[in-house]
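# Structural features, examined
So the chains spell out like this:
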Amino acid sequence: MPDVRTLSDGIFEVTKGKKQLATKNLDPGKTVYGEKLIPVEGIEYRTWDPRRSKLGAMVLKKFNIPLKEDSKVLYLGAASGTTVSHVSDIVSEGAVYAVEFAPRSMRDFIGLASRRKNIIPILADAGKPASYAHIVEPVDLIFQDVAQPNQAEIAARNAARFLTKGGYLMLSIKARSIDTAANPKEVFTEEVKKLEQAFEPRFEILTARDLMPYHEDHLGVLAKLKE
Amino acid sequence: MKINTWFGILEIGSKGEVLASDPFPKNIRELALRSLSLRESRQNLPPEGFDLKAAALECKFVESPSEYYSLLHEVTLDAAKIQVSEALTPDQRIVQAVEALDDINETTNSLSERLFEWYGGYFPECGLNGEALALFIVKYGSRENVVPDDPLYLKARDSMGAKLEAADEALLKCFAESVCSLYERRKQIEAYIESSMENLAPNLAITAGPMLGARLISIAGSLEKLAAFPSSTIQVIGASKALFKHLRERAPSPKHGVIYSHPLINTSPWWMRGKIARALAAKLSLAARIDFYSGKRDSSLPEKLEEKIQKIRALNPRPPQKRPESGAKPKKKRRK
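Residues numbered from 1 in each chain as written. Chains lettered and ligands numbered in written order. Predicted model: local features only at pLDDT ≥ 70, side-chain atom pairs only at ≥ 80, totals over all residues. Heavy atoms only, no water.

This paragraph deals with the overall build of chain A. Counting its regular elements, chain A contains six helices and twelve strands. Taken against the 2.2 N^0.38 rule, which gives 17 Å for 227 residues, the C-alpha radius of gyration of chain A at 17 Å falls within 12% of a compact globule. Across its three principal directions, the C-alpha atoms of chain A cover 50 × 35 × 35 Å. Carbon and sulfur atoms form 47% of the exposed surface of chain A, whose accessible area is close to 9,500 Å². Here chain A contributes 33 positively and 30 negatively charged side chains, and the mean placements of these two sets differ by 2 Å. (Helix = DSSP H or I, 4+ residues; strand = E, 2+ residues; numbered from the N terminus. Rg over C-alpha atoms; globule rule 2.2 N^0.38 Å. Areas by Shrake-Rupley, 256 points an atom, 1.4 Å probe, with all protein chains shown as cover. Lys, Arg positive; Asp, Glu negative; His and termini not counted. Charge placed at Lys NZ, Arg CZ, Asp CG, Glu CD.)

The structure is reproduced here in structure tokens:
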């Protein structure tokens, strides 16, 4: 019998041979990206590959994940939905507003979104939150994985409009998409400073760690609104 | 103040309380289309932090939060489907065609090589390759079948190649047929790209040539993106490896990317190529912009380009003196 340990609300470590990160499958019997399904005592767990998901890597890097069963999440940069599917598992009674800009990625994502009732797909530019202001309610967490040079600004703009007072921001910063030639460490310092000071609202950084060995030259950041 | 939401138009007070409401009918497709029409509106946005779900419950648009989410889910899904189906614009079809062409080229090359090796054992003297070889094999199969009035008749008769057994012959003929049909498909796709480029981007087609123009659109991702690129980017599109090597290390900057295949560049002497590439890229970016924003044909573009090229040729008749190796100044390393 596989051993299950809870790491955080809705996030588990399932040991079957080796330790694996997993979430409870909200869409039983179906996989999203070729991950494994492990049934334990009538509950189906879906393994979560940290190499394909920055949020997954952040869990293993001991970030505090501010997600509960009924959380509302704004997910910027949904791509084809690998990570969104796990967020959807975690917030089984909540909602994930998943914003993606590329129609090609959205095409793959729609199949996933149609099978999971708590996903609200939005094809829009995350840099223009006004274009989905008529859809998105205030959220408890903004997760951002957009790999844009102005991602700090994008985060601030979305937080201003959609983040509740005690809400959190999580994002991954890809050094190469900010500046291809500069030293990643300098890029990270620069970007964190931008989050703290450059835009309104300002953020207080709670955790900032690189995502090695799961993702190279990526920094994971957990922040909340500065009071 | 009046605000637009996906489920209706609301009149709200200063604290966000709903004063009056005009909810839309609960028709998924209609709500999706309305939601899409609100994307560009800069007016009547809900204020920052406005709770749409609470307002929807307050104005009795829905009975419960679960009804709210289930309706919102259906509406946004439908809206996203509409957007995805609209995303396949004519330039995206050209992008697909260019990529298909690349795949076909790669495949035909490797299959042709295989055919050459394979048939070489039976008729090494034929001197054919590529499409000509495939057609020859489809026509005759074994070299014994070559008719006397074919120019290869004598070579076929005296060949040192092995005898082709019936089973091998049948296999080789079918294989050659497949290769021939790939060559056919290649011509078909090229014709498709040429005619589509004439319609979609006539200026780019005439300045760059339809194939190069299509390739530029394909690498940029769309005509819109290509039109937004500065000409210096267009000049080095397709040379990203060299460009980043230049930016990171002390490598020289690339002078041209895929535009090298333009006859103006690859037939010019080496010392003019960089200058011509710059002039050509400038005109290509103009052409892409005219095509994207107005769509009209501008016949002065090729003339102006020609004029500029003549100037470059007149100013640089002789190759520059190469700097002696020892005198090369040490370059600064860019990376901080």
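As a further point, take the interface of chain B and chain A. Taken together, the contact pairs 32 residues of chain B with 31 residues of chain A. Buried surface at the junction of chain B and chain A, both sides included, amounts to about 2,700 Å², of which 61% is carbon and sulfur. Here chain B and chain A share two salt bridges between them. Two residues, Glu137 of chain A and Lys53 of chain B, come together in a salt bridge whose shortest N-O distance is 3.5 Å. At the boundary of chain B and chain A, one finds eleven residue pairs in polar contact (both at pLDDT 80 or more). Every element with two or more residues in the side of chain B that touches chain A is listed here: strand S1 (2-5), helix H2 (52-58), helix H3 (65-86) and helix H12 (240-248) of chain B. The element that contributes the greatest number of residues to the side of chain B that touches chain A is H3 of chain B, accounting for eleven residues. (Contact = heavy atoms within 4.5 Å. Buried area = accessible area lost by both parts, 1.4 Å probe. Salt bridge = Lys/Arg side-chain N within 4 Å of Asp/Glu carboxyl O. Polar contact = N/O pair within 3.5 Å; in protein donor to acceptor, adjacent residues only side chain to side chain.)

The sheet built from seven strands is open, its strands ordered S8-S7-S6-S9-S10-S12-S11 (chain A) with mixed pairing. At either margin of the open sheet sits one strand with a lone partner, and together these are strand S8 (119-123) and strand S11 (203-210) of chain A. On average, each strand axis in the sheet is tilted by 15° relative to the strand beside it, whichever way the strands run. Where strand S7 (residues 95-100) of chain A lies against S8 of chain A, five bridges are found, and the strand directions are parallel. Bridging across to S8 of chain A, Val99 of chain A finds its partner in Ile122 of chain A. Contacts between H3 of chain B and the sheet are confined to strand S6 (72-76), S7 and S8 of chain A, with S8 of chain A contributing the most and set at about 30° to the helix. (Pairing = 2+ DSSP bridges. Axes fitted to C-alpha atoms, helices over the stretch in contact; angles between N-to-C directions.)

On the surface, a cluster of positive charge is made up of Lys275, Arg278, Lys308 and Lys311 of chain B. Looking at the secondary structure, you find Lys311 of chain B in helix H15 (residues 300-315). (Patch = residues over 30% accessible without salt bridge, like charges linked within 9 Å, V, L, I, M, F, W, Y side chains within 5 Å.)

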